[in-house]
Amino acid sequence: MTDTSPKPVTRPRPAPESLPAPYRGRRLRRRAGSVLKHTGLIIVALLMLYPLLWMVASSLRPNADIFTSSGLFVDTFDLDHYPNGWNALAYPFSTYLLNSFLVVLGSVIGNLVSCSMAAYAFARLQFRWRRWAFMAMLVTIMLPIHVLIIPQYVVYAQLGWINTYLPLIVPKLLATDAFFIFLMVQFIRGIPRELDEAARIDGAGHARIYGQIMLPLMVPALATTAIFTFIWTWNDFFTQLIFVTKPDLYTVPVALRSFIDAQTQSDFGAMFAMSVVSLIPVFLVFLFGQRFLLRGIATTGGK
């Protein structure tokens, strides 16, 4: 059986020379604007990447040449900074990497579990003072860490948690990161309530709805929470410096600070080399999780 349906007529695209002068000028201005825009973005990206590239280049220079050159070209390579920096401190740098991974793992698991449960309660449960509790939770986002660190230190000292990882992990299990709660609340509000009603007809309670319906649909928001928690915890210096003072418990940021000594000569080459090593996990997490990050941010707040 032959197809008698009319086929769309494809018209040849007119050559730029055959267009009227106003149209040619408009197309040229559009192309010029696009070229200028992309050129500006490339320049801004290079300016933002320059400190990182300079640090990588400095980790390959001799110590005498680090602060005498601001360029990115390396004349003399010195690869000894990496093995020297790895064993420069009281413990191998792998010890501090493992310590940071332990803190990050506990923080990520704590935020995923506690913040998702709190977000489900705010978004789906009906209880007294829910709006006021949600507003109080949002207010905590505006509280700086410097206001909270002293009372936290007093409480943790009385509990005997100083020089342990408990002050860095336990608060994550109690849904103290209001930003992630707000992120997940906005995401859950975009999920149709008809799914909850259908599950209740089948006899499901809140625990089953949360575990079997909400969590699979919240993968983009959960991935966003995990990525941000990993990056913020891995780069956290202030709280880890306050609560952890034993050298064998140092995390990566605190260990990097140990390369700088005000009384003796600082080994900046080794510090830059270990800084490059410490950036590799962050780069890999962002590289493999960026698509989930973009989906989580794009779909939060409405669908």
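Refer to the structure above for everything that follows.
Summary of the structure given here.

Calculation criteria
Note on numbering: residues in each chain are counted from 1, in written sequence order. Predicted model: local features are reported for residues with pLDDT of at least 70 only, side-chain atom pairs are reported and counted for 80 or more only, and whole-chain, interface and lining totals are derived from all residues. Water and hydrogen atoms were dropped before computing side-chain values, which therefore reflect all heavy atoms in the structure. A fitted line through C-alpha atoms represents every axis, and for helices the fit uses only the stretch in contact; the resulting angles, taken between N-to-C directions, go from 0 to 180 degrees. Going along the chain from the N terminus, every DSSP run of H or I of four or more residues is numbered as a helix, and every run of E of two or more is numbered as a strand. Oblique is the label for every angle not falling under 35 degrees (roughly parallel), over 145 degrees (roughly antiparallel), or within 65 to 115 degrees (roughly perpendicular). Crossing handedness is read from the near helix: turned anticlockwise from the far helix by less than a right angle, it gives a left-handed crossing, and turned clockwise, a right-handed one. In this analysis, two residues are considered to be in contact whenever any of their non-hydrogen atoms come within 4.5 Å of each other. In this classification, the charged set is Asp, Glu, Lys and Arg, the nonpolar set is Ala, Val, Leu, Ile, Met, Phe, Trp, Tyr, Cys and Pro, and all remaining amino acids, among them Gly, are polar. Centre distance within 6.5 Å is the pairing criterion for rings of Phe, Tyr and Trp, where only the six-membered ring of Trp is used; planes under 30 degrees apart are then read as stacked, over 60 as edge-to-face, and the remainder as tilted. Accessibility here uses a 1.4 Å probe with only protein chains present; expressed as a share of the type maximum, an area under 20% marks a residue as buried, one over 50% as exposed, and anything in between as partly exposed. Salt-bridge detection follows one rule: a side-chain nitrogen of Lys or Arg within 4 Å of a carboxyl oxygen of Asp or Glu. Space inside and on the surface of the protein is sampled on a 1 Å grid over the protein atoms alone, with a cavity defined as a set of points where a 1.4 Å probe fits but cannot get out and a pocket as an open set with protein on both sides within 12 Å along at least 5 of 7 lines; lining residues have an atom within 4 Å of a point. Grid points are joined across faces, edges and corners, and a volume is the space filled by probe spheres set on the points. Remark: nonpolar core denotes a set of buried residues (Ala, Val, Leu, Ile, Met, Phe, Trp, Tyr, Cys) joined through side-chain atoms within 4.5 Å. Put simply, a patch holds well-exposed residues, over 30% relative accessible area, that have no salt bridge, with like charges counted together within 9 Å and Val, Leu, Ile, Met, Phe, Trp or Tyr side chains within 5 Å. Only the protein chains shown count as cover for residues, and the accessible areas themselves come from Shrake-Rupley with a 1.4 Å probe.

## Things to note about the packing of helix α4 (residues 93-124) against helix α5 (residues 130-139)
Following both chains from N to C, one finds α4 and α5 inclined at 140°, their axes separated by 10 Å at the closest point. Judged on the interaxial angle alone, α5 and α4 are oblique. Viewed along their axes, α4 and α5 form a crossing whose handedness is left-handed. Contact residues: α4 offers A121, F122 and A123, while α5 offers R130, A133, F134 and M137. Considering only residue class, the contact of α4 with α5 consists of six nonpolar, no polar and one charged.

## Things to note about the packing of aromatic side chains
Counted by the stated rule, this structure contains 20 aromatic pairs. Ring geometry for Y156 against W161: centres 5.7 Å apart, planes inclined by 20°, an arrangement best described as stacked. Here the aromatic rings of F179 and W232 are separated by 5.9 Å at their centres, their planes lie at 50°, and the arrangement is tilted. Residue F179 is found in helix α8 (residues 178-189), and its partner W232 is found in helix α11 (residues 219-235); the two are separated by 53 residues along the sequence. Relative accessible area serves as the criterion here: at 36%, F179 is assigned to the partly exposed category.

## Topic: the pattern of salt bridges
Inspection of the entire model under this criterion finds two salt bridges. The shortest N-O distance in the salt bridge between K172 and D177 comes to 3.1 Å. Like D177, K172 is buried.

## With respect to the layout of surface pockets
When its volume is computed, the largest pocket comes out at roughly 920 Å³. When residues of the lining of the largest pocket are traced back to their parent elements, those giving at least two are α4, α6 (145-159), α7 (166-169), α8, α11 and α12 (238-243). Of the residues belonging to the lining of the largest pocket, the class tally is 23 nonpolar, nine polar and three charged. By volume, the second largest pocket amounts to about 240 Å³. Lining the second largest pocket, in full, are L52, M55, V56, I231, V276, L279, I280, V282, F283 and F286. At six residues, the largest contribution of residues to the lining of the second largest pocket is made by helix α14 (residues 268-299). For the lining of the second largest pocket, the class distribution of residues is ten nonpolar, no polar and no charged.

## A few points about the nonpolar core
Core analysis: the largest hydrophobic core is formed by 37 residues, its most contacted members being F93, Y96, Y165, W234, V252, F259 and M274. Put simply, the parts of the chain that give this core at least two residues each are α1 (21-58), α4, α6, α7, α11, α13 (252-257) and α14. Per element, the largest residue contribution to this core is eight residues, and it comes from α14. Not counting residues up to four positions away in its chain, the partners in contact with F259 are G85, A88, L89, F93, S266, D267, A270, M271 and M274. Counting 24 residues, the second largest nonpolar core, distinct from the first, contains I181, A199, A204 and A221.

## Focus: a nonpolar patch on the surface
Among the surface-exposed residues, L49, Y50, L52, L53, V56, L72 and L279 lie close enough to one another that they form a single nonpolar patch of about 520 Å² accessible area. Take the nonpolar patch: its biggest share by element is five residues, from α1. Among the structural elements, L53 can be located in helix α1. Judged by its relative accessible area of 39%, L53 is partly exposed.

## Describing the side chain of T233
By the secondary structure assignment, T233 is in helix α11. By relative accessible area, T233 is classed as buried at 10%. Aside from chain neighbours lying at most four places away, what touches T233 is V103, V104, S107 and Q240.

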